[in-house]
Amino acid sequence: MRVIAGKYKGRTLRCGRGPFFRPTAQIVKGSLFDTLGDEVTGARFLDLFAGSGAIGIEALSRGAELAVFVEQERKILKALRTNLQRCRISDEQAVVAGYDVFRYIDRLLAGDEYFDIIFADPPYAGKTAGRVIAAIAGAKREVCRRLVVEHGEALPALEADGLELDKTKRFGQTIITYFKTGASSGT
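Residues numbered from 1 in each chain as written. Predicted model: local features only at pLDDT ≥ 70, side-chain atom pairs only at ≥ 80, totals over all residues. Heavy atoms only, no water.

1. What about the overall build of the chain?
Part 1: Along its length, the chain carries 5 helices and 7 strands.
Part 2: Listing each helix as α and each strand as β along the chain from the N terminus yields α-β-α-β-α-β-α-β-α-β-β-β.
Part 3: Classification of the 187 residues of the chain by burial places 49% in the buried group.
Part 4: Here the analysis covers contacts within the chain between residues at least 6 apart in sequence; of these, 65% occur between residues at least 24 apart. (Helix = DSSP H or I, 4+ residues; strand = E, 2+ residues; numbered from the N terminus. Buried < 20%, exposed > 50% of the residue type's maximum accessible area, 1.4 Å probe, protein only. Contact = heavy atoms within 4.5 Å.)

Listed below in structure tokens is the structure:
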């Protein structure tokens, strides 16, 4: 796995191992960042279920101001921290939150923090992707401009009050769904 473009282009990233680890394919990652385009430059980027950090590192490589990586599995956190060190990314640009994603989302919703882009890559099994979408859509205030979710099966009722479905792209068994929030839905 490598960084595709930008400041850290070509850097090899360490992958985690085990049942909790499913890296985003390079073609999916490339399409994701081609779709987001200039939105990444200067962005505050939240990487939920961050795994090895490949998505958040790619965002930093392409000019994001800050990336927050949320991952709870200790073995995977080791790979994530190693990848940040390999790329020589400073603690001011990369924050690692080593705990449960939904606990982090609760904290986000209760506080005043804001992200330009939230990317979530939950386990494909179960209804975790739907829970992330519902939590962000149900926020009493805007917490992001754009929500992007990687999932493995079609989700029922993708539209919600606080989110507007922008587009969906399928790559074999992987689906990437892009949402805009209220403030950006008119753009």
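2. Comments concerning the layout of surface pockets
Part 1: The volume enclosed by the second largest pocket comes to roughly 180 Å³.
Part 2: Lining the second largest pocket are 16 residues; nearest its centre among them are Gly126, Lys127, Gly130, Glu153 and Leu155.
Part 3: Looking at the lining of the second largest pocket, the elements with two or more residues in it are α5 (128-137) and β5 (144-151).
Part 4: In terms of residue count, the dominant contributor to the lining of the second largest pocket is α5 (4 residues).
Part 5: Classifying every residue of the lining of the second largest pocket gives 7 nonpolar, 5 polar and 4 charged. (1 Å grid on protein atoms, 1.4 Å probe; cavity = no way out; pocket = protein on both sides within 12 Å on 5 of 7 lines; lining within 4 Å. Points joined across faces, edges and corners; volume = space filled by probe spheres on them. Nonpolar A, V, L, I, M, F, W, Y, C, P; charged D, E, K, R; others polar.)

3. A look at the environment of Leu36
Part 1: Secondary-structure assignment places Leu36 in helix α1 (residues 26-36).
Part 2: Looking at Leu36, the relative accessible area reads 3%, which means it is buried.
Part 3: Spatially, the C-alpha atoms of Leu36 and Ile117 are 9.2 Å apart, while their sequence positions differ by 81 residues.
Part 4: Discounting residues that sit within four places of it in the chain, Leu36 has contacts with Ile117, Arg146, Val148 and Tyr178.

4. What to know about the pairing of strand β2 (residues 66-70)
Part 1: The element β2 is extensively covered by neighbouring structure, given that 5 of its 5 residues are classed as buried.
Part 2: Covered by surrounding structure in β2 are Leu66, Val68 and Val70 together with Ala67 and Phe69, the residues of both alternating faces.
Part 3: By the bridge criterion, 5 bridges tie strand β1 (residues 44-48) to β2 in an arrangement that is parallel. Across the sheet, the residue bridging to Phe45 is Ala67, located in β2.
Part 4: This β-α-β element, β1 to helix α2 (residues 54-61) to β2, shows right-handed connectivity.
Part 5: Following the chain from β2 across helix α3 (residues 74-86) to the adjacent parallel strand β3 (residues 94-97), one finds a crossover that is right-handed. (Pairing = 2+ DSSP bridges. Right-handed = clockwise from strand over helix to strand, strands pointing away.)

5. Things to note about the pattern of salt bridges
Part 1: For the structure shown, the criterion picks out 8 salt bridges.
Part 2: Between Arg62 and Glu58 there is a salt bridge, with the nearest N and O atoms lying 2.8 Å from each other.
Part 3: With a relative accessible area of 22%, Arg62 lands in the partly exposed category.
Part 4: Taking relative accessible area as the criterion, Glu58 reaches 0% and is therefore assigned buried.
Part 5: Of the charged contacts in the structure, one is a salt bridge between Arg146 and Asp166, with a shortest N-O distance of 2.7 Å. Highlighted residues: Arg146 in strand β5 and Asp166 in strand β6 (residues 163-171), separated in sequence by 20 residues.
Part 6: Residues participating in the shared-partner salt-bridge network are Glu39, Asp116, Arg145, Arg146 and Asp166. (Salt bridge = Lys/Arg side-chain N within 4 Å of Asp/Glu carboxyl O.)

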